[in-house]
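A structural walkthrough
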Amino acid sequence: MDLRCPKCNSTDLKKVSLAYQDGLFRSNARTRLSAALLGGGGPDLVVGRATTQASHQSALSKQLTPPAKWSYVKVSSRSILTFLCLGWLIFYVNNVTRNSSTVVTRPLAIFSSISGAIFVLLLLLVWWHNHSTHARRYAEWDSSYICQRCGAIGPQ
Ligand SMILES: [Zn+2]
């Protein structure tokens with residue numbers, strides 16, 4: 001192994017992925033210890049454990065967090081929520097302004113088909129992001145090294 005830091009020329013380099021896991025592991029162990037010291041149990045402890053786990057993750061580990069995949073569930077649920085809100089709004093506005101339910105179906109049908117198309121496009125976008133952008137960023141992240149002497153992060 002002849003890896004050198006571009007900044008300080010040190011050979012003390014560590015894979016970013018390993019450094020990240022290390023940071024996570026350390027913060028988990030510390031949190032478990034403080035939970036044990038507090039003693040007892042119950043929901044308070046569970047909540048406390050969850051929050052300390054989040055805040056105790058070392059700043060370095062946070063900086064080394066791998067790029068995240070986009071979630072289909074998140075995108076879907078937000079889209080459906082938006083669709084329902086806008087659909088209700090169209091329905092409501094039509095009902096109030098024209099005061100007849102027969103006219104409503106047409107704009108609602110148009111709205112539904114447009115949202116359906118946008119929804120499919122969104123899912124395609126998520127798929128594309130996860131398969132190209134995310135895969136590339138993840139590979140970059142996985143092949144990056146961090147210098148244990150000066151903290152410089154970079155692909156080697
Ligand atoms: Zn260095």
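All of the points below concern the structure found in this document. (Residues numbered from 1 in each chain as written. Predicted model: local features only at pLDDT ≥ 70, side-chain atom pairs only at ≥ 80, totals over all residues. Heavy atoms only, no water.)

Description of the coordination of the zinc ion
Around the zinc ion, the donor atoms from the protein are Cys5 (SG), Cys8 (SG), Cys147 (SG) and Cys150 (SG), and they sit 2.2 to 2.3 Å away. One can describe the donor arrangement at the zinc ion as tetrahedral, given that its four donor atoms subtend angles of 106 to 113° at the metal. Here the donor residues of the zinc ion share one chain and are spaced in sequence as C-x2-C-x138-C-x2-C. Of this pair, Cys5 sits in the segment before strand E1 (13-15) while Cys150 sits in the loop between strand E2 (144-147) and strand E3 (153-155), placing them 145 residues apart in sequence. The exposure class of Cys5 is buried, given its relative accessible area of 3%. (Donors = N, O, S within 2.8 Å, 3.2 Å for Na, K, Ca; no water. Tetrahedral: all angles 85-135°; square planar, octahedral: opposite > 155°, others 65-115°. Helix = DSSP H or I, 4+ residues; strand = E, 2+ residues; numbered from the N terminus. Buried < 20%, exposed > 50% of the residue type's maximum accessible area, 1.4 Å probe, protein only.)

Notes on helix H5 (residues 105-142)
Over its 38 residues, H5 runs 52 Å from end to end, which matches the ideal 56 Å to within 8%, given 1.5 Å per residue. Considering bend angle alone, the principal kink of H5 is centred on His129 and spans about 40°. Those residues of H5 not exposed but buried are Phe111, Ser115, Val126, His129, Asn130, Thr133, His134 and Trp141. (Expected span 1.5 Å × (residues − 1). Bend = angle between axes of the 7 residues up to and from the residue.)

Some details on the sheet that holds E2
Read across the sheet, three strands follow the order E1-E2-E3 without closing on themselves; strand pairing throughout is antiparallel. If you trace the sheet from one side to the other, it starts and ends with E1 and E3, each paired once. Sheet twist, expressed as the average angle between the axes of neighbouring strands with direction ignored, equals 35°. One ladder, built from three bridges, connects E2 with E3; its direction is antiparallel. Directly across from Ser144, in E3, lies its bridge partner Pro155. (Pairing = 2+ DSSP bridges. Axes fitted to C-alpha atoms, helices over the stretch in contact; angles between N-to-C directions.)

Looking at the packing of aromatic side chains
Inspection of every chain in the model, using the stated rule, returns four aromatic pairs. A centroid spacing of 6.1 Å and a plane angle of 80° characterise the contact between Tyr20 and Trp141, whose relative ring orientation is edge-to-face. Taken together, the positions of Tyr20 in helix H1 (residues 16-38) and Trp141 in helix H5 put the pair 121 residues apart, joining distant regions of the chain. In this structure Tyr20 comes out as buried when scored by relative accessible area, which is 14%. With a relative accessible area of 11%, Trp141 lands in the buried category. Their ring planes at 5° and their centres at 5.3 Å tell us that Phe83 and Phe111 sit as a pair that is stacked. Here Phe83, found in helix H4 (residues 72-98), pairs with Phe111, found in helix H5; they are 28 residues apart in sequence, far enough to count as distant. (Phe/Tyr/Trp six-rings, centres within 6.5 Å; stacked < 30°, edge-to-face > 60°.)

What to know about the side chain of Ser76
With respect to the helices and strands, Ser76 occurs in helix H4. Side-chain polar atoms of Ser76 contact the backbone oxygen of Tyr72, separated by 2.7 Å. Beyond its immediate sequence surroundings of up to four residues, Ser76 is in contact with Phe119 and Leu123. (Polar contact = N/O pair within 3.5 Å; in protein donor to acceptor, adjacent residues only side chain to side chain. Contact = heavy atoms within 4.5 Å.)

Quick look at the environment of Phe83
Take Phe83: its relative accessible area is 31%, and that puts it in the partly exposed class. Spatially, the C-alpha atoms of Phe83 and Phe119 are 9.4 Å apart, while their sequence positions differ by 36 residues. Once residues lying within four places of it in the same chain are set aside, the contact partners of Phe83 are Phe111, Ser112 and Ser115.

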